[in-house]
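Here's the letter readout for the chains.
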Amino acid sequence: EPEVTQTPSHQVTQMGQEVILRCVPISNHLYFYWYRQILGQKVEFLVSFYNNEISEKSEIFDDQFSVERPDGSNFTLKIRSTKLEDSAMYFCASSEQYNEQFFGPGTRLTVL
Amino acid sequence: AQSVTQPDIHITVSEGASLELRCNYSYGATPYLFWYVQSPGQGLQLLLKYFSGDTLVQGIKGFEAEFKRSQSSFNLRKPSVHWSDAAEYFCAAGNNAGNMLTFGGGTRLMVKP
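The structure reproduced in this document is the subject of the present report. (Residues numbered from 1 in each chain as written. Chains lettered and ligands numbered in written order. Predicted model: local features only at pLDDT ≥ 70, side-chain atom pairs only at ≥ 80, totals over all residues. Heavy atoms only, no water.)

### Points about the interface of chain A and chain B
Stage number 1. Contacts between chain A and chain B engage 16 residues on the former and 20 residues on the latter.
Stage number 2. Across the chain A to chain B interface the summed buried area is about 1600 Å²; carbon plus sulfur atoms make up 57%.
Stage number 3. When the area that chain A buries against chain B is broken down by residue, the three leading residues are K42, E100 and F103 of chain A, summing to 31%.
Stage number 4. Across the contact surface, chain A and chain B share one salt bridge.
Stage number 5. Linking E100 of chain A and K49 of chain B is a salt bridge whose minimum nitrogen-to-oxygen distance equals 3.3 Å.
Stage number 6. Inspection of the region where chain A meets chain B yields four residue pairs in polar contact (both at pLDDT 80 or more).
Stage number 7. Broken down by secondary-structure element, the contributors of at least two residues to the side of chain A that touches chain B are strand 4 (31–37) and strand 5 (43–50) of chain A. (Contact = heavy atoms within 4.5 Å. Buried area = accessible area lost by both parts, 1.4 Å probe. Salt bridge = Lys/Arg side-chain N within 4 Å of Asp/Glu carboxyl O. Polar contact = N/O pair within 3.5 Å; in protein donor to acceptor, adjacent residues only side chain to side chain. Helix = DSSP H or I, 4+ residues; strand = E, 2+ residues; numbered from the N terminus.)

Right, here's the structure in full:
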């Protein structure tokens, strides 16, 4: 069964460093998403991406964040200068048009 | 503002007992509704979805959910819980199946032997 994969499973970084979280969506899907879950809090939407551009983003997704689909398979989330409050589980998801979103296993980001 | 509420943070049931997890939403129009399950170390797996039509929807692993417009609810049910059902369950809603999802806070289910 096709699935969304994410790497790494756990990333530890120092405050102020740049991190790139990687995702491989399901191959025939057209919409891509990033969500995050701070420990003990709700899963929160960050951004959606379609046709090589951002289609929707939340207030959380400020200038420190960017997304990219550098090739035909990967979808990345970059945080330019990490803060302590960026520590969270980051989930990637993908969907076909007008269908449910399929989620990856997540990347746990720890900012020290 | 759009919101999804899961009133129960933790629920413990005995194996073989029935289960109902509550979900309420606040949206301008009838949203698309989903239930996801997350086992430790795993991603979010879709259990079932409601877009339109029959208000009782069947999902995987023996789960079902009923959409009640009058109560703005989409409760998840299972007639007989198995120990492997222990996990965290998330209700989510969206305006369009391709758009952002708003999640509830989750309900952690524990199953007693």
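Here the narrative resumes.
### So, unusual backbone geometry
Stage number 1. Note the cis peptide between T7 of chain A and P8 of chain A, where omega equals -10°.
Stage number 2. Looking at where P8 of chain A falls in the secondary structure, it is placed in the loop between strand 1 (5–7) and strand 2 (10–13).
Stage number 3. One non-glycine residue, N52 of chain A, adopts positive backbone phi at about 65°.
Stage number 4. Counting through the fold element by element, N52 of chain A comes out in the loop between strand 5 and strand 6 (53–57).
Stage number 5. A relative accessible area of 60% means that N52 of chain A is categorised as exposed.
Stage number 6. Even without being a glycine, K61 of chain B presents a positive backbone phi close to 60°.
Stage number 7. Relative to the assigned elements, K61 of chain B resides in the loop between strand 7 (56–58) and strand 8 (64–68).
Stage number 8. According to the relative accessible area criterion, K61 of chain B is partly exposed, its value standing at 44%. (Buried < 20%, exposed > 50% of the residue type's maximum accessible area, 1.4 Å probe, protein only.)

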